Amino acid sequence: MRIFVCEFLTGGGMRAEPLPGEAVAEALLLRTVLVHDLESVPGLSVTVAQDDRLGAGDGIMAAVGEGVDPRAAWRALSADADLVWPLSPDASRTAALVGAFRACGRRVIGHRAEALELLSAPDRLTAALTAAGIPADSNARGDALSLSVLARSDGLAVLALHHRHLAPDGRLAAMTIGAAAERSGPFASLALSVVRAVPGLSGLFDIDICRTPDGLCVTAISPGLALSYVGLHKSLGVNPVAFLPDFIRNGRPPQMPHLPQPVAIELKLRA
């Protein structure tokens, strides 16, 4: 079974423009960990698109060079894959990637189109969550947290709770991944409410939360795999993508087994 990992920034999506250094570093970190986890699953092989300015890489890398249309290159690479995993922290870019691959008949890891459309419009997302009785405010102030979840059509599994440490300018400076074992109680109830309020959320993603004096408030939902994934395997002691062979065979993630208690992993991104 072959997986094509298509990360927008590192995969040539900005080949005609200067690469944004910090964003590329984070994208490379996430992509590297994901590829390592995928290659650790028996029976899976991986192909990765790579902007040639980032180096040749190893044998799994397919270079996207100057003058090459990255989208045409991605379509060609996806044709030889059983599954495509698009990656971008930007919801609009993720929606475009997922839509393009699905239009070609590819099987894709990602939210459905209606969910990605909502995630691409923060005001509409806030309105949808609020209408469902979920406090939502992208500007909320308090303890910055996030939940990693695996969503299925018939429910979800909360994998871990993380603390997000923000710089004075509001950017993510560091994370404590697996800061607590919060798989039940108010965090799990909130995650389930979010999935019900936003039809089409699927697979592995994060729900960003602010803990305020008035309670929990949703600040964002990631359009796909989030940066917390970098430490998730080490925190859980379980490979988070071990479900992929079942997904390829059956078309949806399986029920998650009982997970061990997470171990806190510190991830520093910037001073």
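Below you will find a few notes about this structure. Keep in mind it's a predicted model, so treat the numbers as computed, not measured. (Residues numbered from 1 in each chain as written. Predicted model: local features only at pLDDT ≥ 70, side-chain atom pairs only at ≥ 80, totals over all residues. Heavy atoms only, no water.)

## Considerations on the overall build of the protein
Logical step 1: Regarding its fold elements, the protein presents eight helices and ten strands.
Logical step 2: Since a compact globule built from 271 residues should have a radius of gyration of about 18 Å, the 18 Å found for the protein is in line with a globular shape.
Logical step 3: Reported as C-alpha extents along the three principal axes, the dimensions of the protein are approximately 55 × 40 × 35 Å.
Logical step 4: Looking at the protein as a whole, 51% of its 271 residues are labelled buried.
Logical step 5: Restricting to contacts in the protein with at least 6 residues of sequence separation, those with at least 24 account for 67%.
Logical step 6: Surface accessibility of the protein: about 12100 Å² in total, with carbon and sulfur atoms responsible for 53%.
Logical step 7: Treating the 24 positive side-chain charges of the protein as one cloud and the 27 negative ones as another, the clouds have centres 4 Å apart. (Helix = DSSP H or I, 4+ residues; strand = E, 2+ residues; numbered from the N terminus. Rg over C-alpha atoms; globule rule 2.2 N^0.38 Å. Buried < 20%, exposed > 50% of the residue type's maximum accessible area, 1.4 Å probe, protein only. Contact = heavy atoms within 4.5 Å. Areas by Shrake-Rupley, 256 points an atom, 1.4 Å probe, with all protein chains shown as cover. Lys, Arg positive; Asp, Glu negative; His and termini not counted. Charge placed at Lys NZ, Arg CZ, Asp CG, Glu CD.)

## Examining helix α3 (residues 91-103)
Logical step 1: For α3, spanning 13 residues, the distance from its first C-alpha to its last is 18 Å, which sits close to the expected 18 Å at 1.5 Å a residue.
Logical step 2: Buried positions along α3 lie against β1 (2-7), α2 (70-78), β4 (83-87) and α4 (113-119).
Logical step 3: You can read the cap of α3 off the contacts: a side-chain oxygen lies 3.1 Å from the backbone nitrogen of S92, and it is on D90.
Logical step 4: Looking at the residues trailing α3, positive phi occurs at G105, about 85°. (Expected span 1.5 Å × (residues − 1). Polar contact = N/O pair within 3.5 Å; in protein donor to acceptor, adjacent residues only side chain to side chain.)

## Here we look at the packing of helix α1 (residues 21-39) against helix α7 (residues 229-236)
Logical step 1: With their axes 8 Å apart at the nearest point, α1 and α7 run at an angle of 40° to one another. The pairing of α1 with α7 is recorded here as oblique in orientation. Residues L29, L30, V33, L34 and D37 of α1 form the contact with α7, whose participating residues are Y229, V230 and H233.
Logical step 2: Grouping the constituent residues of the contact of α1 with α7 by class yields six nonpolar, one polar and one charged. (Axes fitted to C-alpha atoms, helices over the stretch in contact; angles between N-to-C directions. Parallel < 35°, antiparallel > 145°, perpendicular 65-115°, else oblique. Nonpolar A, V, L, I, M, F, W, Y, C, P; charged D, E, K, R; others polar.)

## Observations concerning the pairing of strand β9 (residues 215-221)
Logical step 1: Among the seven residues in β9, five count as buried, and that is most of the element.
Logical step 2: Relative to β9, strand β8 (residues 203-212) runs antiparallel, the two sharing six bridges. Bridge pairing links C210 to C217 in β9.
Logical step 3: Hairpin connection of β8 to β9: two residues between the antiparallel strands. (Pairing = 2+ DSSP bridges.)

## Regarding the sheet that holds strand β2 (residues 45-51)
Logical step 1: Read across the open sheet, the four strands follow the order β3-β2-β1-β4; overall the sheet is parallel. Across the chains shown, the open sheet's two edge strands, defined by having one partner strand only, are β3 (61-64) and β4. With strand direction ignored, the average angle separating the axes of adjacent strands in the sheet is 20°.
Logical step 2: Pairing of β1 with β4 involves five bridges; the strand directions are parallel. The residue of β4 that forms the bridge with F4 is V84.

## Let's talk about the pattern of salt bridges
Logical step 1: Here the structure, examined in full by the defined rule, presents eleven salt bridges.
Logical step 2: Of the charged contacts in the structure, one is a salt bridge between D143 and R211, with a shortest N-O distance of 3.6 Å. Here R211 lies in strand β8 and D143 lies in strand β5 (residues 143-152), a separation of 68 residues in the sequence.
Logical step 3: You can call R211 partly exposed: its relative accessible area is 33%.
Logical step 4: Of the charged contacts in the structure, one is a salt bridge between D208 and R164, with a shortest N-O distance of 3.8 Å. (Salt bridge = Lys/Arg side-chain N within 4 Å of Asp/Glu carboxyl O.)

## Details of the side chain of H162
Logical step 1: Assignment of secondary structure puts H162 in strand β6 (residues 155-166).
Logical step 2: Exposure remark for H162: the relative accessible area of 0% places this residue in the buried category.
Logical step 3: Engagement of the side chain of H162 in a polar contact is seen with the side chain of S148, the distance being 2.7 Å.
Logical step 4: With sequence-adjacent residues up to four places away left out, H162 is seen in contact with A144, L145, S146, S148, M175, T176, I177, G178, A179, D206, S228 and L232.

No statement about biological role is implied by the geometric values presented.
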